[in-house]
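A closer look at the structure
Residue strings, one per chain:
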Amino acid sequence: MCLELPFNQIASLAARGQKAREGAFYDPIAADLWDCLEQHIDSVPSNEQMGRAFAETVAVDRWVADWHELRPGSAVLEIGAGLSTRFARSFAREARYITVDEPAIAELRRELFDGDCEALWQLSGHLEQADWLARVLAPRRAVCVVLEGVLTALHPADALALLDNLATQLRPGSRVIATFSDGARLTPAQGASLRLACGASSVCYPGLRTQEVSSRMVVAEAS
């Protein structure tokens, strides 16, 4: 298993850090993190890349906010969170915010973010495996799952395995929010079953019904 941080996540962090410094967007943790990382990034995102990534992450934030309003106190699970600071912008401080990353990235996240939010629970696990999923899904409780760029970053077989596990184990009413840097992998129609195309494989998930679709983002609900 090899997972690299998606470039759109770097671009999003850069944009959030910049806007936080300008006072246009409240995410001081992103601003501090980008100040520390910028000099170590080989390819700093362009303004256009940052703008696109920022718009996508704001769209995800809105769906997460809608989830908190719909199901107060229900958890958010961000898979392959990487350098995401969404927990700091969570709209329901009383709700659990869970992140799951590959071991090396999970260790980095704990170094960076432990102590920043009491509701934050940062776990380590191989994303294509199912063992960690049973640990984070409360019995009979729906959860909001965020996959920001991770399905594109994973090997196609691992991306499909991750979706297989989610489709099997998510409770009815759970929400899945996924963004893609390569829209060609995503082929659902609104109101239809989620379908993911990875390489030569194309898999349909009848238990995940799409609520909103664009070329770079899909929102689905478990039935």
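These numbers come from a predicted model, not from an experiment.

**Focus on helix α1 (residues 7–21)**
Compared with the 21 Å implied by 1.5 Å per residue over 15 residues, the 21 Å span of α1 between its first and last C-alpha is a close match. In terms of residue burial, α1 counts as a mostly covered element, since eleven of its 15 residues are buried. In this fold, the buried residues of α1 make contact with α2 (28–37), α3 (47–70) and β5 (175–179). A positive phi of about 80° marks Gly23, the residue just after α1.

**Quick word on the pattern of salt bridges**
Considering all chains together, one arrives at nine salt bridges under this definition. Glu56 is the salt-bridge partner of Arg216, the closest N and O atoms lying 2.2 Å from each other. Pair noted here: Arg216 is in the loop between β7 (201–213) and β8 (217–222) and Glu56 is in helix α3, with a separation of 160 residues, a long-range link. The exposure class assigned to Arg216 is partly exposed, which follows from its relative accessible area of 24%.

**Some thoughts on the packing of α1 against α2**
The N-to-C vectors of α1 and α2 enclose an angle of 115°; their axes lie 7 Å apart at closest approach. Considering their axes alone, α1 and α2 lie roughly perpendicular with respect to each other. Judged by the twist between their axes, the crossing of α1 over α2 is left-handed. Mapping the contact onto sequence places Ile10, Leu13, Ala14, Arg16, Gly17, Ala20 and Arg21 in α1 and Pro28, Ala30, Ala31, Leu33, Trp34, Asp35 and Leu37 in α2. Within the contact of α1 with α2, the residues separate by chemical class into ten nonpolar, one polar and three charged.

**Observations regarding the pairing of strand β3 (residues 120–124)**
Note that strand β2 (residues 97–101) and β3 share five bridges and pair parallel. Residue pairing across strands places Ile98 opposite Trp121, the latter belonging to β3. Between the parallel elements β2 and β3, the chain passes through helix α4 (residues 103–113) in a crossover that is right-handed.

**So, the nonpolar core**
Core analysis: the biggest nonpolar cluster contains 33 residues, and Leu77 and Leu147 have the highest contact counts within it. Per-element accounting of this core gives the leading share, five residues, to helix α7 (residues 156–169). Setting aside residues up to four positions removed in sequence, Leu147 forms contacts with Ile79, Leu162, Leu163, Leu166, Val176, Ile177, Ala178 and Thr179. Core analysis: the next-biggest nonpolar cluster, separate from the first, contains 30 residues, Leu33, Trp63, Ala142 and Val219 among them.

**Describing the confidence of the model for the protein chain**
Model confidence for the protein chain is summarised by a mean pLDDT of 83, while 89% of its residues fall at 70 or above. Within the protein chain, no element has a lower average pLDDT than α1, which sits at 78, and none a higher one than strand β1 (residues 76–79), at 96.

**Here we look at empty space enclosed by the protein**
Scanning the model with the defined rule gives three cavities of 30 Å³ or more in all. Taken as a whole, the largest cavity spans an internal volume of roughly 50 Å³. Along the walls of the largest cavity sit Asn8, Gln9, Ser12, Arg16, Ser84 and Glu148, which together make up its complete lining. Top element by residues in the lining of the largest cavity is α1. It accounts for four residues. Tallied by class, the residues present in the lining of the largest cavity amount to no nonpolar, four polar and two charged. If you go around the second largest cavity, the residues you meet are Leu151, Leu163, Val176, Ala178, Phe180, Leu194, Leu196 and Val218.

What counts, and at which threshold
Residues numbered from 1 in each chain as written. Predicted model: local features only at pLDDT ≥ 70, side-chain atom pairs only at ≥ 80, totals over all residues. Heavy atoms only, no water. Helix = DSSP H or I, 4+ residues; strand = E, 2+ residues; numbered from the N terminus. Expected span 1.5 Å × (residues − 1). Buried < 20%, exposed > 50% of the residue type's maximum accessible area, 1.4 Å probe, protein only. Contact = heavy atoms within 4.5 Å. Salt bridge = Lys/Arg side-chain N within 4 Å of Asp/Glu carboxyl O. Axes fitted to C-alpha atoms, helices over the stretch in contact; angles between N-to-C directions. Parallel < 35°, antiparallel > 145°, perpendicular 65-115°, else oblique. Left-handed = near helix turned anticlockwise from the far one by under 90°. Nonpolar A, V, L, I, M, F, W, Y, C, P; charged D, E, K, R; others polar. Pairing = 2+ DSSP bridges. Right-handed = clockwise from strand over helix to strand, strands pointing away. Core = buried A, V, L, I, M, F, W, Y, C linked by side-chain atoms within 4.5 Å. pLDDT = per-residue confidence, 0-100. 1 Å grid on protein atoms, 1.4 Å probe; cavity = no way out; pocket = protein on both sides within 12 Å on 5 of 7 lines; lining within 4 Å. Points joined across faces, edges and corners; volume = space filled by probe spheres on them.

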